Amino acid sequence: MERIQEKLIRSAMPELDTLRGLAILLVLFFHGFGFQFGTAHLPRLAHLFVVATEPGWIGVNLFFVLSGFLITGILLDSRNHPQYYRRFYVRRALRILPAYYGFLLLLAVAPGTGWLDHRQVSWQFIGLSFVYLSNVTNFFGVAMQYGALWSLAVEEHFYLAWPFVVRSLSRRAVAICALSMVLICPVLRAIAFRRGAEYGAGYTWLVADGLAIGSLLGLFSRGWLADRKRMKWASIFCIGAAIALLGFGTPFGILLSRTELGGVLRPSALNLFFAGALGSALLIGTGNLKWTVQRPLLQFFGRISYGLYLFHMLAFDFVDHLLGFYFHDPWSAIRDNFALMCLRFAIAATLATTTAALSRKYFEDWFLCLKERCAPMAGNPSATGRAALRPPAINSTLGLVDVKG
């Protein structure tokens, strides 16, 4: 049989949509089960299922690595374009801002309808989120009132600053800058831990190493790691090192992040693992077994991942409100009943998925059509292409990166 081997970096990389779909489903199941009911007293198998969803928050780490990889690729492939900044920022704005600000409007109005009993969203929080400061609202005396927005703020900070780094510095200097971020973020987490601060908070300076590792992979995959054999061994090293770090570090609290060592190194291990997983997906996606990493269902969720990430927590709030019509104490009823827990998840997930799909088709795509009019891709943005789906990083990031730029 003829051996199929395409270039690792292509204009369309559908295997990345699969990874994006996996990432959003991890987050969806986490918020639907483990986040709320991880300590519930349930039958053995049901309890094991709920506990298995508790690590689903790592989907955000995967999104960060994807975003760093894709955005850096887009920037590198267009760094000599005369309208480098205009094209990047206009295209990113058309991908991200319409859905984001539309959602903020919904978030501001919805609590007043009485459909969201327990979620109070202040105008202060909306205002800070409007300028992508939702991950640092506590510095302004405002509580985090919609958790899903913090990671979008981190990615937006990356989008604002990283283009200047890539355009202004040589490739080697860009690599040094990214590597510095990989090394500095753990140090800052250690300092936060020792000072009794929130070392696990979503502050940009504490979590940017995920984006930086993805950026390194995006940079080297267009050079030294363009060779399949080198990419294979680099991916094996990353995955092996991450597993070893988590495994051998378990007695020291790394796996559960309950010690200083865990708070500092667990995020690094996860980012390293996902960098290896991303490299492996590129290899498999360009070989005879590409069908294993190009799964239509996961790619569908990858395509709508941005909207799904925005809406899913609001969908759970809405279903909880409906359950209040049937149960005097909905939370107690759900915690003790796995079937009801699953029904809640099924309704909310269906509602969120439907909303995200409709938003993508009838709202977001309209703005995406403007990208070629307002900031055409002229030339040869070789690499990142449309990654099948909107943003390779969750539609641009948490999607949020549109592989097409």
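Here we summarise the structure given alongside this text. Just so it is clear, the structure is predicted and the values come from calculations on it, not from any experiment.

Definitions and limits used
Residues numbered from 1 in each chain as written. Predicted model: local features only at pLDDT ≥ 70, side-chain atom pairs only at ≥ 80, totals over all residues. Heavy atoms only, no water. Disulfide = S-S within 2.5 Å. Phe/Tyr/Trp six-rings, centres within 6.5 Å; stacked < 30°, edge-to-face > 60°. Helix = DSSP H or I, 4+ residues; strand = E, 2+ residues; numbered from the N terminus. Lys NZ or Arg CZ within 6 Å of the ring centre and 35° of its normal. Contact = heavy atoms within 4.5 Å. Buried < 20%, exposed > 50% of the residue type's maximum accessible area, 1.4 Å probe, protein only.

**Thoughts on the state of the cysteines**
Okay, step 1: All told, the structure shown has zero disulfides when counted by the stated rule.
Okay, step 2: Cys185 supplies the cysteine sulfur nearest to Cys238, a cysteine that is in no disulfide, at a spacing of 17 Å.

**Thoughts on the packing of aromatic side chains**
Okay, step 1: Here the structure, examined in full by the defined rule, presents 30 aromatic pairs.
Okay, step 2: With centroids separated by 6.1 Å and ring planes inclined at 20°, the aromatic side chains of Phe29 and Phe33 adopt a geometry described as stacked. With a gap of four residues between them, Phe29 and Phe33 both fall in helix 1 (residues 14-37), about one helical turn apart.
Okay, step 3: Put simply, the rings of Phe29, Phe33, Phe49, Phe316, Phe338 and Phe345 touch in pairs and so form one group of aromatic residues.
Okay, step 4: The residue whose ring lies beneath Arg92 is Tyr159, and the NZ or CZ to ring-centre distance is 5.9 Å.
Okay, step 5: Lying over the aromatic face of Tyr362, Lys361 brings its terminal NZ or CZ to 5.6 Å of the ring centre.

**Let's talk about the side chain of Arg266**
Okay, step 1: Within the fold, Arg266 resides in helix 11 (residues 260-284).
Okay, step 2: Beyond its immediate sequence surroundings of up to four residues, Arg266 is in contact with Trp57, Leu246, Ile254, Leu255, Leu256, Ser257 and Leu261.

**Considering the environment of Phe301**
Okay, step 1: Relative to the helices and strands, Phe301 is located in helix 12 (residues 296-303).
Okay, step 2: Judged by its relative accessible area of 13%, Phe301 is buried.
Okay, step 3: Put simply, Phe301 and Ala356 are 55 residues apart on the chain and 9.3 Å apart in space, counted from C-alpha to C-alpha.
Okay, step 4: When near neighbours in sequence (up to four residues on either side) are disregarded, Phe301 contacts Gly21, Ile24, Leu25, Leu308 and Thr353.

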